[in-house]
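This is what each chain is made of:
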Amino acid sequence: MSIFTIARLTFLEAQRRKLLWAVLLMGLAFLILYAVGFYFTYRDFSRQGATLPRQFFEMANVLLLMGLYVVNFLGIVLAVLISVDTIAGEITSGTIQTIVSKPLRRWQVVCGKWLGLAVMLSAFVILMCTALMAIVWFIARYMPPNAVQGTALIVLSGLVLLTLSILGGTRLATLANGVVVFMLYGLAFVAGWIEQIGAFVRNATAVDIGIFVSLLMPSEAMWKRAAYLMQPPFMRDLGITPFSSSSAPNDAMVAYTIGYIVLTLGVALHLFQRRDL
């Protein structure tokens, strides 16, 4: 029960610091802006007489994926912001000594904090993805394929960054931890586009570079898989949107990412257990 107690306290701490309210308000602002933009775009599209099913699916799907890409990025930022200081900051301030001096094992502290933050992050991403799809359905009566699987992959993308940030916090100061994690995400983002371009021009070296970096940092690969699944089959085959990929990650990459998260959390537990507080 100690893990769940730490998870609950971590969640309450975020609420006390107004972090939850700030995230919810900014998310609501994004949803309102997106709904207005989607409504007027869809209205103008309809007035131009674009009534063919394929044209309709292209427009609705591309606009939805654009919104989901923003949600994916917001999830990444949230994952780092809520976790970057959770261990590193408490070590610096000395409050971690009060926690570990209680009848708690160090691994319980780390797992409890990870669990509380993971629930918070997952709830935010699921809520935002569901709201975006509801907006598109209400206005255009369109629902993407594999919506549940795509949302789960976006959650998984954020959990990669969250776990890496927890790991970094066991050894690095708060600022250094944040810089390192964001730089790793930036590296994965650039490598993802290198792989996309390499697949388009049939450059095996560029594709191999993207795959290698994805193994080191699989967050962007999860977004690419989510975007691939949430497109109609004809759009995947034609590659007519910026989210299409002829080298989309497969199910094995999803399994690898889950193992990556588990292994990273295990390393964090080991490093925190051996650290002199």
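Each remark here, short or long, concerns the structure printed above.
Our subject in this report is the structure included herewith.

Rules of the game
- Residues numbered from 1 in each chain as written.
- Predicted model: local features only at pLDDT ≥ 70, side-chain atom pairs only at ≥ 80, totals over all residues.
- Heavy atoms only, no water.
- Buried < 20%, exposed > 50% of the residue type's maximum accessible area, 1.4 Å probe, protein only.
- Helix = DSSP H or I, 4+ residues; strand = E, 2+ residues; numbered from the N terminus.
- Phe/Tyr/Trp six-rings, centres within 6.5 Å; stacked < 30°, edge-to-face > 60°.
- Contact = heavy atoms within 4.5 Å.
- Patch = residues over 30% accessible without salt bridge, like charges linked within 9 Å, V, L, I, M, F, W, Y side chains within 5 Å.
- Areas by Shrake-Rupley, 256 points an atom, 1.4 Å probe, with all protein chains shown as cover.
- Salt bridge = Lys/Arg side-chain N within 4 Å of Asp/Glu carboxyl O.
- Axes fitted to C-alpha atoms, helices over the stretch in contact; angles between N-to-C directions.
- Parallel < 35°, antiparallel > 145°, perpendicular 65-115°, else oblique.
- Nonpolar A, V, L, I, M, F, W, Y, C, P; charged D, E, K, R; others polar.
- Core = buried A, V, L, I, M, F, W, Y, C linked by side-chain atoms within 4.5 Å.

**Some remarks on helix α10 (residues 219-229)**
Counted residue by residue, α10 has 10 buried out of 11 residues, so it is predominantly covered. For α10, the complete set of buried residues consists of Ser 219, Glu 220, Ala 221, Met 222, Trp 223, Lys 224, Arg 225, Ala 226, Ala 227 and Leu 229.

**Some details on the environment of Val 180**
Along the chain, the position of Val 180 falls in helix α8 (residues 174-201). The sequence separation of Val 180 and Leu 164 amounts to 16 residues, and the corresponding C-alpha distance is 9.5 Å.

**Things to note about the packing of aromatic side chains**
What the rule picks out here adds up to 7 aromatic pairs. Summarising the aromatic geometry, the rings of Tyr 34 and Phe 38 are spaced 6.0 Å apart at their centres and angled 25° between planes, so their arrangement reads as stacked. Taken together, the residues Tyr 34 and Phe 38, both in helix α2 (residues 19-47) and 4 residues apart, mark about one turn of the helix. On the basis of relative accessible area, Tyr 34 is assigned to the buried category, the value being 12%. Among the residues examined, Phe 38 registers a relative accessible area of 2% and is labelled buried. An aromatic cluster is present here, built from Phe 30, Tyr 34, Phe 38 and Tyr 42 joined pairwise through their rings.

**Points about the environment of Asn 177**
Tracing the backbone through its elements, the reader meets Asn 177 in helix α8. In this structure, the C-alpha to C-alpha distance between Asn 177 and Ser 165, residues 12 residues apart in sequence, is 6.6 Å. In contact with Asn 177, not counting residues within four places along its chain, are Val 84, Leu 164, Ser 165, Gly 168, Gly 169 and Leu 172.

**Some remarks on a nonpolar patch on the surface**
On the surface, Leu 28, Ile 32, Val 36, Tyr 39 and Phe 40 cluster together into a nonpolar patch covering about 460 Å² of accessible area. Locating Phe 40 in the fold gives a position in helix α2. Exposure remark for Phe 40: the relative accessible area of 38% places this residue in the partly exposed category.

**Quick word on the environment of Ile 261**
Summarising the element assignment, Ile 261 is placed in helix α12 (residues 251-274). Owing to a relative accessible area of 7%, Ile 261 belongs among the buried residues under this scheme. With 102 residues separating them along the chain, Ile 261 and Leu 159 place their C-alpha atoms 7.4 Å apart. Sequence-distant contacts of Ile 261, that is, excluding residues within four places in its chain, are made with Trp 114, Leu 156, Leu 159, Val 160 and Thr 163.

**Section: the packing of α8 against α10**
Running from N to C, α8 and α10 point in directions that differ by 45°, and their axes come no closer than 8 Å. Classified by the interaxial angle, the pair formed by α8 and α10 is oblique. Residues Tyr 185, Ala 188, Phe 189, Gly 192, Glu 195 and Gln 196 of α8 lie in contact with α10, whose contacting residues are Ser 219, Glu 220 and Lys 224. Grouping the constituent residues of the contact of α8 with α10 by class yields 3 nonpolar, 3 polar and 3 charged.

**Comments concerning the nonpolar core**
Residues Tyr 34, Leu 68, Leu 161 and Leu 162 are the most contacted members of the largest nonpolar core, which totals 71 residues. When residues of this core are traced back to their parent elements, those giving at least two are α2, α3 (53-83), α6 (106-140), α7 (147-169), α8, α10 and α12. Sort the elements by how many residues they give to this core and α6 lands first, with 17 residues. Look past the residues within four positions of Tyr 34 in its chain and what remains in contact with it is Leu 63, Leu 64, Gly 67, Leu 132, Ile 135 and Val 136.

Just geometry here; none of it tells us what the structure is for.
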